[in-house]
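# Fold and geometry: a report
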Amino acid sequence: MEEEASNSSALPEAFLDFLKHNGLDPSIYTACHSTPRYIRLKPGCEAQIEAIEGEIKCKLERVEWLPGFYSLLPDVQIANSNAYRDGKIYGIDAASGAAVSALDISAGDHVLDLCAAPGAKLCLISDILGDSGSVTGVDVSRHRLAACRTMLQKYALGNRCRLFIADGTTFSIIPMRVHANSKSCESGLEENVTFKEWTSRRPWKERKEAARIRKGGAVLSGPELIYYGCQSGVVGLNKSELYRTFCDTEFLSCGYDKVLVDAECTHDGSIKHVQKFEHWGWDTLQRRVLDAERGDSLTALQLKLLTNGFRLLKAEGLLVYSTCSLTVAQNEDVVKQFLEENPSAELQAIDAAENWPCKNGRLPKTLRFDPLTSNTSGLFVAKFTKLAI
């Protein structure tokens, strides 16, 4: 107890005031030393658990409330293990796994991950879908989405996936099932060019344009497809078919079955992230987490992401909104405003959460994970359905 009090008192006064304002216990920031790290074991690798344990010299503890997940000691490194290099395990916090689990993904679903980087949840979605449906990953950051592409290829999970560099607040491309019977034109270039099997070796013209954007800081004019699997529905289409625009009412029947909006936030619920400010300097925390103007811009962005994700959802589909912030402003307040502005949106109870080590949020049917309650990183989760009205 004395050590926890000492660690809490080491936090800057401004951050302690921030925690008090949000009803957060400062001692959650001392729990990271005892909070385990988590991995997802790729399906089909269960027989190799003992060999993996021997290699990383740590016993894997099955997470009883989350299938396929295992916990290990917080200081155990997996990056140099063969199991990691061979794509048999990947790191993902159990709370993040719970957010994906809340989507209730079924075989054949078309799933949108609207803020996909750095890619662990995207891999989990692909893992769950298996050989059916599709997953579309979107992120505004080119280099972070490139990391998603690397992960998908490493774990051989990209067969039914598309990745777009795009603004998640305006992205409008629908799942490929709508184009199942469309015909493509083999002739010409640009709009009539037909997508063939994806290769990492892009045409010279595309490489030149990408270099121009990187060098000049040019603003992305529209979604840019940087990866697609051979069964993602893209092969055989031309650009005009892929980027075809739809009106909002068409999304009711043509939209995604499931949408994940794991929105950009201040990351104050990521305890290890907050600890980094001890090295970066607490003034950096003031600028990135506590600054009121940044907070206001983030909540505006979060509401736009949630609103657009919901627009792209088909009628009776499910959407999960999550952040790794523990603030009310970025979570319950965003959800409350969204519900007021979208009468077809309805909060849903997360049935699986009956067995989850989490607590209720400040709005009914919302959930919160934190190191003290859940033995995980911090995460807020809310689940919606779109009413057919």
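Here, every reference points to the structure presented above.
Rules of the game
Residues numbered from 1 in each chain as written. Predicted model: local features only at pLDDT ≥ 70, side-chain atom pairs only at ≥ 80, totals over all residues. Heavy atoms only, no water. Axes fitted to C-alpha atoms, helices over the stretch in contact; angles between N-to-C directions. Helix = DSSP H or I, 4+ residues; strand = E, 2+ residues; numbered from the N terminus. Left-handed = near helix turned anticlockwise from the far one by under 90°. Contact = heavy atoms within 4.5 Å. Nonpolar A, V, L, I, M, F, W, Y, C, P; charged D, E, K, R; others polar. Core = buried A, V, L, I, M, F, W, Y, C linked by side-chain atoms within 4.5 Å. Buried < 20%, exposed > 50% of the residue type's maximum accessible area, 1.4 Å probe, protein only. Right-handed = clockwise from strand over helix to strand, strands pointing away. Pairing = 2+ DSSP bridges. Lys, Arg positive; Asp, Glu negative; His and termini not counted. Salt bridge = Lys/Arg side-chain N within 4 Å of Asp/Glu carboxyl O. Disulfide = S-S within 2.5 Å. Expected span 1.5 Å × (residues − 1). Arc of directions from axis to C-beta.

### A few points about the packing of helix H6 (residues 120–129) against helix H7 (residues 142–154)
- Remark: H6 packs on H7, axes separated minimally by 9 Å, with the N-to-C direction vectors making an angle of 35°. Between H6 and H7 the crossing geometry is right-handed. Residue-level contacts link Ala 120, Leu 122, Cys 123 and Ser 126 of H6 to Cys 148, Met 151 and Leu 152 of H7.
- Broken down by class, the residue content of the contact of H6 with H7 amounts to 6 nonpolar, 1 polar and no charged.

### Side note on the environment of Asp 113
- Within the secondary structure, Asp 113 is located in strand S5 (residues 110–113).
- Along the sequence, Asp 113 and Thr 136 sit 23 residues apart, while their C-alpha atoms lie 6.1 Å from each other.
- With residues up to four places along the chain from it excluded, the contact list for Asp 113 reads Lys 121, Leu 122, Ile 125, Thr 136, Gly 137, Val 138 and Leu 260.

### Some words on the nonpolar core
- Residues Leu 163, Trp 356 and Phe 369 are the most contacted members of the largest nonpolar core, which totals 48 residues.
- Every element with two or more residues in this core is listed here: helix H5 (94–101), H6, H7, strand S7 (161–165), strand S8 (224–228), strand S13 (367–369) and strand S14 (379–386).
- Here this core gets 6 residues from one element, more than from any other, and that element is H6.
- Discounting residues that sit within four places of it in the chain, Leu 163 has contacts with Leu 122, Gly 137, Leu 145, Cys 148, Arg 149, Leu 152, Glu 224, Leu 225, Ile 226 and Tyr 227.

### Quick look at the pairing of S7
- Among the 5 residues of S7, 5 are classified as buried, and the element is accordingly described as predominantly covered.
- Residues of S7 alternate between two faces, with Cys 161, Leu 163 and Ile 165 on one and Arg 162 and Phe 164 on the opposite face, all of them buried.
- Between strand S6 (residues 134–139) and its parallel partner S7, the chain crosses via H7, and the hand of that crossover is right-handed.
- Where S7 and S8 come together, 4 bridges link them in antiparallel fashion. From the neighbouring strand, Phe 164 faces S8, where its bridge partner is Leu 225.

### Remarks on the side chain of Lys 386
- Residue placement: Lys 386 occurs in strand S14.
- Buried charged residue Lys 386 carries no salt bridge. Nearest counter-charge: Asp 248, at 8.3 Å.
- For Lys 386, the residues in contact, after removing those within four places along its chain, are Leu 252, Phe 310, Arg 311, Leu 313, Lys 314, Ala 315, Glu 316, Gly 317 and Ser 344.

### Topic: the sheet that holds strand S3 (residues 69–72)
- With antiparallel pairing, the 4 strands of this open sheet are ordered in space as S2-S3-S1-S4. The open sheet terminates on both sides in strands that have one partner only, identified here as strand S2 (61–62) and strand S4 (89–91).
- One ladder, built from 3 bridges, connects strand S1 (residues 37–41) with S4; its direction is antiparallel. Paired with Leu 41 across the strands is Ile 89, a residue of S4.

### What about the state of the cysteines?
- With the rule as written, the count across this model stands at 0 disulfides.
- Free of any disulfide, Cys 123 has its nearest cysteine sulfur in Cys 148, 7.7 Å distant.

### Here's the deal with H7
- With 13 residues, H7 should reach 18 Å at 1.5 Å per residue; the first-to-last C-alpha distance of 18 Å fits that figure.
- Leu 145, Cys 148, Met 151 and Leu 152 are the residues of H7 that are buried. Viewed end-on, H7 has its buried residues packed into an arc of 105°, placing them on one side of the element.
- Taken together, the buried residues of H7 touch H6, S6, S7 and S8.
- A positive backbone phi angle near 50° is found at Ala 156, which sits one or two residues after H7.

### Focus: the pattern of salt bridges
- Applying the stated criterion to the full structure yields 10 salt bridges.
- In this structure, Glu 53 engages Lys 59 in a salt bridge whose closest nitrogen and oxygen atoms are separated by 4.0 Å.
- Note that Asp 262 is salt-bridged to Lys 121, the shortest N-O span being 2.9 Å. Remark: Lys 121 occurs in helix H6 and Asp 262 occurs in strand S9 (residues 256–262); sequence separation between them is 141 residues.

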